[in-house]
Amino acid sequence: MTKLQAGAEFPKQEVAKLGGGTMVLGQPGNGKDWQLVVVYRGKHCPLCKKYLAKLEELLPEFHDNGVDVVAVSGDPLEKAEADIAEMGVTMPVGYDLSVAQMQALGLYVTTPRGPQETDRPFPEPGVFVINEHGTTQVIDISNSPFVRPDLENIAGGLKYIRANDYPIRGTHTG
């Protein structure tokens, strides 16, 4: 598994987007210069639904701070469409993230326990913030659905980072 380094160039990934076309993880859109990428486990995960609902609630705060917000899973089109329609999420959502793409992002990948979960390997949660230079500003990767960063803290933290030219943390190599 590749471990992304804070301050390194984010490995852009092109994925299919609900509603048609594609989007590029790591390339801000919608007139914003930063991007928040939230990787969720998929339709089978009730914790993901709560997390995405909270993210949806905080979208204006992120957008007001110049941060584009996208979510992505490894689900196929049918599952992703059903899940997002059920939740009423309006942010851009990608689907069909491949295992190779998951690994390129440094995500933990899980083999399903059986059909009650899903029918394919899926990513565990990941949150990435990419700044205007395409650099990984913030990384949070979990191997469990129960451990995820607080989205209100992320929104407030990004506001502080941007207002104070706060440096990328965790880059010491010596």
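Refer to the structure above for everything that follows.
A few points on the structure.

Reading the values: the criteria
- Residues numbered from 1 in each chain as written.
- Predicted model: local features only at pLDDT ≥ 70, side-chain atom pairs only at ≥ 80, totals over all residues.
- Heavy atoms only, no water.
- Pairing = 2+ DSSP bridges.
- Helix = DSSP H or I, 4+ residues; strand = E, 2+ residues; numbered from the N terminus.
- Axes fitted to C-alpha atoms, helices over the stretch in contact; angles between N-to-C directions.
- Contact = heavy atoms within 4.5 Å.
- Phe/Tyr/Trp six-rings, centres within 6.5 Å; stacked < 30°, edge-to-face > 60°.
- Buried < 20%, exposed > 50% of the residue type's maximum accessible area, 1.4 Å probe, protein only.
- Lys NZ or Arg CZ within 6 Å of the ring centre and 35° of its normal.
- Core = buried A, V, L, I, M, F, W, Y, C linked by side-chain atoms within 4.5 Å.

With respect to topology, seven strands assemble into an open sheet ordered 2-1-5-4-3-8-9, the strand pairing being mixed. Across the chains shown, the open sheet's two edge strands, defined by having one partner strand only, are strand 2 (22-25) and strand 9 (136-141). Between one strand and the next, the sheet's axes are offset by a mean angle of 30°, whatever the strand orientation. Where strand 3 (residues 34-39) meets strand 4 (residues 67-72), six bridges bridge the pair, whose relative direction is parallel. Each residue of the ladder has a partner; that of Gln-35, found in strand 4, is Asp-68. Running over the sheet, helix 1 (residues 46-64) touches strand 3, strand 4 and strand 8 (126-130) and is turned about 160° from strand 4. Relative to the sheet, helix 4 (residues 151-164) contacts strand 3, strand 4, strand 8 and strand 9, its axis offset from that of strand 3 by approximately 155°.

Below, the discussion takes up the environment of Gly-106. Among the secondary structure elements, Gly-106 is positioned in the loop between helix 3 (99-104) and strand 6 (109-110). Separated by 35 residues in sequence, Gly-106 and Ile-141 place their C-alpha atoms 7.8 Å apart.

This model, assessed by the stated rule, comprises two aromatic pairs. Judged by centre distance (5.5 Å) and plane angle (65°), the ring pair of Phe-10 and Phe-128 falls under edge-to-face. With Phe-10 in the segment before strand 1 (13-17) and Phe-128 in strand 8, this residue pair connects regions lying 118 residues apart in the sequence. Since its relative accessible area comes to 0%, Phe-128 is described here as buried. Measuring from ring centre to ring centre gives 5.6 Å for Tyr-160 and Tyr-166, while their planes differ by 70°; the resulting arrangement is edge-to-face. According to the relative accessible area criterion, Tyr-160 is partly exposed, its value standing at 48%. Above the face of the Tyr-51 ring, Arg-148 is positioned so that its terminal group lies 5.4 Å from the ring centre.

Once that is clear, we can look at the nonpolar core. Within the largest apolar cluster, 29 residues are counted, with the highest numbers of intra-cluster contacts made by Leu-36, Leu-52, Leu-55, Phe-62, Met-91, Val-93 and Leu-158. Among the elements of the structure, strand 3, helix 1, strand 4, helix 2 (77-87), strand 5 (93-95), strand 8 and helix 4 are those that each provide at least two residues to this core. Tallying contributions element by element places helix 1 first for this core, with seven residues. The contact partners of Leu-52, leaving out residues within four places of it in the chain, are Val-38, Tyr-40, Ala-71, Ile-84, Met-87, Val-89 and Met-91. With 15 residues, the next largest nonpolar core counts Leu-4, Phe-10, Val-37 and Phe-128 among its residues.

Any link to function would need more than the numbers given here.
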